[in-house]
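Working through the structure, step by step
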Amino acid sequence: MKKEIISFGKYKILDIAADSADDVQSVRDFDTSIFPVEGMSLDQFDAVKITVPSSAEAVNGMNDAGYSFGDRTIHVSISLPKADIAFDRLIRFEIENLDKAGMSDDLKMRILEISRTGFETDRRFHVIPLTSDDVRETDDKLAEAVLTHWIDNLNDLYICRYKDRVVGFLDLEEVDSKTAEIHLAAIDKTAVVPGIAMSLYANAVKTAKESGYRKLVGRISSLNMPVINLYASLGVVFSDPLDVYIRRMT
(Lines give C-alpha, C1' and ligand atoms only; values in the text may rest on other atoms or scores of the structure.)
Protein backbone atom coordinates (compact mmCIF):
# COMPACT_ATOMS: atom_id res chain seq x y z
CA MET A 1 0.00 0.00 0.00
CA LYS A 2 1.29 3.43 -0.91
CA LYS A 3 0.33 6.77 0.59
CA GLU A 4 1.24 10.24 -0.54
CA ILE A 5 0.44 13.76 0.60
CA ILE A 6 -0.32 16.03 -2.34
CA SER A 7 -0.15 19.75 -1.56
CA PHE A 8 -1.26 22.56 -3.85
CA GLY A 9 -1.29 25.95 -2.19
CA LYS A 10 -3.46 25.69 0.89
CA TYR A 11 -4.97 22.35 -0.18
CA LYS A 12 -3.75 18.99 1.10
CA ILE A 13 -4.95 15.67 -0.32
CA LEU A 14 -4.10 12.24 1.07
CA ASP A 15 -3.71 9.91 -1.90
CA ILE A 16 -3.70 6.17 -1.09
CA ALA A 17 -3.14 3.30 -3.51
CA ALA A 18 -4.10 -0.16 -2.25
CA ASP A 19 -2.18 -3.02 -3.84
CA SER A 20 -4.94 -5.60 -3.59
CA ALA A 21 -8.48 -6.18 -2.38
CA ASP A 22 -6.97 -7.55 0.84
CA ASP A 23 -5.85 -4.01 1.70
CA VAL A 24 -9.39 -2.63 1.65
CA GLN A 25 -10.14 -3.53 5.26
CA SER A 26 -7.00 -1.87 6.58
CA VAL A 27 -7.62 1.21 4.40
CA ARG A 28 -11.15 1.77 5.61
CA ASP A 29 -10.23 1.21 9.25
CA PHE A 30 -7.05 3.26 9.38
CA ASP A 31 -6.44 6.05 11.85
CA THR A 32 -3.29 7.94 12.74
CA SER A 33 -2.21 5.28 15.23
CA ILE A 34 -2.19 2.38 12.76
CA PHE A 35 -1.77 4.36 9.53
CA PRO A 36 0.48 7.32 10.38
CA VAL A 37 0.80 10.04 7.76
CA GLU A 38 3.78 12.15 8.76
CA GLY A 39 2.16 12.90 12.11
CA MET A 40 -0.95 14.43 10.53
CA SER A 41 -4.49 13.53 11.52
CA LEU A 42 -7.16 13.02 8.88
CA ASP A 43 -9.01 16.23 9.71
CA GLN A 44 -5.97 18.18 8.49
CA PHE A 45 -6.63 17.05 4.92
CA ASP A 46 -9.18 18.56 2.56
CA ALA A 47 -9.94 15.13 1.10
CA VAL A 48 -8.79 11.53 1.00
CA LYS A 49 -8.59 9.67 -2.31
CA ILE A 50 -8.24 5.90 -2.29
CA THR A 51 -7.61 3.73 -5.35
CA VAL A 52 -8.26 -0.01 -5.00
CA PRO A 53 -8.58 -2.96 -7.39
CA SER A 54 -12.21 -3.30 -8.53
CA SER A 55 -14.23 -5.77 -6.46
CA ALA A 56 -17.63 -6.11 -4.79
CA GLU A 57 -15.85 -6.21 -1.43
CA ALA A 58 -14.26 -2.83 -2.12
CA VAL A 59 -17.58 -1.25 -3.15
CA ASN A 60 -19.37 -2.38 0.01
CA GLY A 61 -16.45 -1.68 2.33
CA MET A 62 -15.66 1.81 1.08
CA ASN A 63 -19.31 2.87 0.99
CA ASP A 64 -19.77 1.66 4.58
CA ALA A 65 -16.72 3.70 5.59
CA GLY A 66 -18.19 6.92 4.18
CA TYR A 67 -16.34 7.08 0.86
CA SER A 68 -18.05 8.00 -2.39
CA PHE A 69 -17.34 6.10 -5.58
CA GLY A 70 -15.57 8.45 -7.98
CA ASP A 71 -14.53 6.55 -11.06
CA ARG A 72 -13.30 3.28 -12.52
CA THR A 73 -10.17 3.47 -14.63
CA ILE A 74 -8.88 0.85 -17.04
CA HIS A 75 -5.32 0.13 -18.11
CA VAL A 76 -4.72 0.12 -21.87
CA SER A 77 -1.79 -1.45 -23.69
CA ILE A 78 -0.85 -1.95 -27.32
CA SER A 79 1.96 -4.16 -28.62
CA LEU A 80 3.81 -1.89 -31.04
CA PRO A 81 5.57 -4.59 -33.11
CA LYS A 82 2.13 -6.01 -33.85
CA ALA A 83 0.53 -2.63 -34.54
CA ASP A 84 -0.25 -2.93 -38.25
CA ILE A 85 -1.99 0.41 -38.69
CA ALA A 86 -2.32 2.69 -41.73
CA PHE A 87 -1.12 5.74 -39.82
CA ASP A 88 -1.16 8.10 -42.78
CA ARG A 89 -4.84 7.40 -43.32
CA LEU A 90 -5.71 8.00 -39.65
CA ILE A 91 -3.61 11.12 -39.08
CA ARG A 92 -5.71 13.71 -40.90
CA PHE A 93 -4.34 16.79 -39.12
CA GLU A 94 -0.76 17.97 -38.82
CA ILE A 95 0.66 17.21 -35.39
CA GLU A 96 3.31 19.50 -33.92
CA ASN A 97 5.83 18.23 -31.36
CA LEU A 98 7.18 20.54 -28.63
CA ASP A 99 9.56 19.86 -25.78
CA LYS A 100 9.29 21.62 -22.42
CA ALA A 101 11.44 24.55 -23.58
CA GLY A 102 9.18 25.14 -26.57
CA MET A 103 6.00 25.63 -24.53
CA SER A 104 5.10 29.30 -24.21
CA ASP A 105 2.98 30.69 -21.36
CA ASP A 106 0.18 31.34 -23.87
CA LEU A 107 0.26 27.72 -25.00
CA LYS A 108 0.14 26.51 -21.39
CA MET A 109 -2.91 28.72 -20.77
CA ARG A 110 -4.60 27.30 -23.88
CA ILE A 111 -3.89 23.75 -22.68
CA LEU A 112 -5.37 24.67 -19.30
CA GLU A 113 -8.52 26.00 -21.03
CA ILE A 114 -8.93 22.71 -22.89
CA SER A 115 -8.23 20.72 -19.72
CA ARG A 116 -10.84 22.55 -17.63
CA THR A 117 -13.65 21.12 -19.75
CA GLY A 118 -11.85 17.96 -20.85
CA PHE A 119 -11.32 16.68 -17.32
CA GLU A 120 -14.54 17.82 -15.61
CA THR A 121 -15.05 14.44 -13.90
CA ASP A 122 -11.45 13.17 -13.90
CA ARG A 123 -10.54 12.05 -10.39
CA ARG A 124 -6.86 12.73 -10.93
CA PHE A 125 -7.84 16.39 -10.57
CA HIS A 126 -11.34 16.53 -9.04
CA VAL A 127 -11.02 14.87 -5.64
CA ILE A 128 -13.74 16.39 -3.46
CA PRO A 129 -17.28 14.88 -3.48
CA LEU A 130 -19.73 17.49 -4.77
CA THR A 131 -22.54 18.19 -2.33
CA SER A 132 -23.18 21.93 -2.84
CA ASP A 133 -22.15 24.94 -4.92
CA ASP A 134 -19.52 26.04 -2.39
CA VAL A 135 -17.96 22.57 -2.47
CA ARG A 136 -17.94 22.68 -6.28
CA GLU A 137 -16.09 26.01 -6.17
CA THR A 138 -13.46 24.55 -3.83
CA ASP A 139 -13.11 21.44 -5.99
CA ASP A 140 -12.74 23.53 -9.16
CA LYS A 141 -10.00 25.66 -7.56
CA LEU A 142 -8.15 22.56 -6.40
CA ALA A 143 -8.52 20.89 -9.81
CA GLU A 144 -7.10 23.97 -11.52
CA ALA A 145 -4.10 23.95 -9.15
CA VAL A 146 -3.46 20.26 -9.85
CA LEU A 147 -3.87 20.72 -13.61
CA THR A 148 -1.50 23.68 -13.64
CA HIS A 149 1.10 21.53 -11.87
CA TRP A 150 0.69 18.74 -14.44
CA ILE A 151 0.88 21.16 -17.37
CA ASP A 152 4.04 22.77 -15.99
CA ASN A 153 5.65 19.33 -16.02
CA LEU A 154 4.72 18.18 -19.54
CA ASN A 155 7.88 17.05 -21.34
CA ASP A 156 7.02 15.67 -24.79
CA LEU A 157 3.95 17.52 -26.02
CA TYR A 158 2.05 16.94 -29.26
CA ILE A 159 -0.54 19.53 -30.31
CA CYS A 160 -3.14 19.68 -33.04
CA ARG A 161 -4.28 22.97 -34.56
CA TYR A 162 -7.41 23.82 -36.51
CA LYS A 163 -7.52 27.21 -38.23
CA ASP A 164 -4.39 28.22 -36.29
CA ARG A 165 -6.01 27.45 -32.93
CA VAL A 166 -4.80 24.64 -30.66
CA VAL A 167 -7.72 22.20 -30.37
CA GLY A 168 -6.07 19.18 -28.76
CA PHE A 169 -2.90 17.94 -27.08
CA LEU A 170 -1.23 14.73 -25.98
CA ASP A 171 1.79 14.20 -23.74
CA LEU A 172 3.93 11.13 -24.42
CA GLU A 173 6.27 9.97 -21.64
CA GLU A 174 8.86 7.23 -21.36
CA VAL A 175 8.18 4.59 -18.70
CA ASP A 176 11.30 2.56 -19.46
CA SER A 177 13.44 1.67 -22.48
CA LYS A 178 10.70 -0.58 -23.88
CA THR A 179 7.54 1.27 -22.84
CA ALA A 180 6.00 4.67 -23.62
CA GLU A 181 2.91 6.09 -21.93
CA ILE A 182 0.13 8.44 -22.99
CA HIS A 183 0.38 10.56 -19.87
CA LEU A 184 -2.23 13.25 -20.51
CA ALA A 185 -4.45 14.11 -23.47
CA ALA A 186 -7.54 16.21 -24.12
CA ILE A 187 -9.54 17.66 -27.00
CA ASP A 188 -11.34 21.01 -27.12
CA LYS A 189 -15.01 20.09 -26.70
CA THR A 190 -16.06 23.04 -28.87
CA ALA A 191 -14.02 21.73 -31.82
CA VAL A 192 -16.63 19.70 -33.69
CA VAL A 193 -14.35 18.78 -36.61
CA PRO A 194 -13.96 14.96 -36.69
CA GLY A 195 -10.55 13.34 -36.67
CA ILE A 196 -8.69 15.49 -34.14
CA ALA A 197 -8.55 12.86 -31.39
CA MET A 198 -7.73 10.04 -33.81
CA SER A 199 -4.92 12.10 -35.34
CA LEU A 200 -3.33 12.68 -31.92
CA TYR A 201 -3.66 9.10 -30.68
CA ALA A 202 -2.64 7.46 -33.97
CA ASN A 203 0.37 9.78 -34.09
CA ALA A 204 1.29 8.68 -30.55
CA VAL A 205 1.24 5.01 -31.61
CA LYS A 206 3.26 5.80 -34.74
CA THR A 207 5.80 7.91 -32.83
CA ALA A 208 6.28 5.33 -30.08
CA LYS A 209 6.71 2.54 -32.62
CA GLU A 210 9.19 4.49 -34.75
CA SER A 211 11.12 5.43 -31.60
CA GLY A 212 11.77 1.76 -30.88
CA TYR A 213 9.39 1.18 -27.98
CA ARG A 214 7.71 -2.21 -27.83
CA LYS A 215 4.64 -1.19 -25.87
CA LEU A 216 2.42 1.88 -25.49
CA VAL A 217 0.32 2.11 -22.35
CA GLY A 218 -2.15 4.44 -20.68
CA ARG A 219 -5.08 4.55 -18.29
CA ILE A 220 -8.57 5.70 -19.21
CA SER A 221 -11.73 6.51 -17.27
CA SER A 222 -14.56 4.07 -17.89
CA LEU A 223 -16.78 7.15 -18.32
CA ASN A 224 -14.82 8.27 -21.38
CA MET A 225 -16.52 6.12 -23.98
CA PRO A 226 -15.34 8.12 -27.04
CA VAL A 227 -11.68 7.49 -26.19
CA ILE A 228 -12.36 3.88 -25.16
CA ASN A 229 -13.86 3.31 -28.61
CA LEU A 230 -10.90 5.09 -30.21
CA TYR A 231 -8.47 2.90 -28.28
CA ALA A 232 -10.39 -0.21 -29.32
CA SER A 233 -10.08 0.77 -32.99
CA LEU A 234 -6.30 0.97 -32.49
CA GLY A 235 -6.20 -2.58 -31.14
CA VAL A 236 -5.37 -1.97 -27.49
CA VAL A 237 -5.86 -4.56 -24.74
CA PHE A 238 -7.95 -3.43 -21.74
CA SER A 239 -7.06 -4.75 -18.27
CA ASP A 240 -6.51 -4.01 -14.57
CA PRO A 241 -9.63 -2.02 -13.57
CA LEU A 242 -9.11 0.23 -10.56
CA ASP A 243 -11.81 2.01 -8.56
CA VAL A 244 -11.34 5.49 -7.12
CA TYR A 245 -13.10 6.50 -3.90
CA ILE A 246 -13.11 9.97 -2.39
CA ARG A 247 -14.09 11.47 0.94
CA ARG A 248 -14.16 15.10 1.97
CA MET A 249 -12.54 15.60 5.37
CA THR A 250 -13.01 19.34 6.01
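In the block above lies the structure referred to throughout.
Our subject in this report is the structure included herewith. (Residues numbered from 1 in each chain as written. Predicted model: local features only at pLDDT ≥ 70, side-chain atom pairs only at ≥ 80, totals over all residues. Heavy atoms only, no water.)

**Focus: empty space enclosed by the protein**
What the rule picks out here adds up to 1 cavity of 30 Å³ or more. Quantified by volume, the largest cavity comes out at close to 40 Å³. In this structure, the largest cavity is lined by Val76, Ile78, Ile182, Val205, Leu216, Val217, Gly218, Tyr231 and Val236. Of all elements in the fold, only strand S4 (68–79) and strand S9 (215–221) reach the threshold of two or more residues within the lining of the largest cavity. (1 Å grid on protein atoms, 1.4 Å probe; cavity = no way out; pocket = protein on both sides within 12 Å on 5 of 7 lines; lining within 4 Å. Points joined across faces, edges and corners; volume = space filled by probe spheres on them. Helix = DSSP H or I, 4+ residues; strand = E, 2+ residues; numbered from the N terminus.)

**Digging into the packing of aromatic side chains**
With the rule as written, the count across this model stands at 3 aromatic pairs. For the pair phenylalanine 69 and tyrosine 245, a centre-to-centre distance of 5.7 Å together with 75° between the ring planes defines the contact as edge-to-face. You can see phenylalanine 69 sitting in strand S4 and its partner tyrosine 245 sitting in strand S10 (residues 237–248), a full 176 residues away along the chain. By relative accessible area, phenylalanine 69 is classed as partly exposed at 43%. Measuring from ring centre to ring centre gives 5.4 Å for tyrosine 201 and tyrosine 231, while their planes differ by 85°; the resulting arrangement is edge-to-face. With tyrosine 201 in helix H6 (residues 196–210) and tyrosine 231 in helix H7 (residues 225–233), the pair connects residues that are 30 residues apart, well separated along the chain. (Phe/Tyr/Trp six-rings, centres within 6.5 Å; stacked < 30°, edge-to-face > 60°. Buried < 20%, exposed > 50% of the residue type's maximum accessible area, 1.4 Å probe, protein only.)

**A word on the pattern of salt bridges**
Think of it this way: side chains of opposite charge can pair up when their charged atoms draw near. One pass over the full model with this rule turns up 10 salt bridges. For lysine 206, the salt bridge goes to aspartate 88, with nearest N and O atoms at 3.7 Å. One end of the pair, lysine 206, is in helix H6; the other, aspartate 88, is in helix H3 (residues 87–90), and 118 residues separate them in sequence. Overall, lysine 206 belongs to the partly exposed group, its relative accessible area being 22%. Residue classification places aspartate 88 among the exposed residues on the basis of a relative accessible area of 66%. For lysine 108, the salt bridge goes to aspartate 152, with nearest N and O atoms at 3.8 Å. Here aspartate 152 lies in helix H5 (residues 133–152) and lysine 108 lies in helix H4 (residues 105–118), a separation of 44 residues in the sequence. For aspartate 152, a relative accessible area of 35% gives the class partly exposed. Beyond isolated ion pairs, a larger network of salt bridges with shared partners links Arg110, Glu113 and Asp188. (Salt bridge = Lys/Arg side-chain N within 4 Å of Asp/Glu carboxyl O.)

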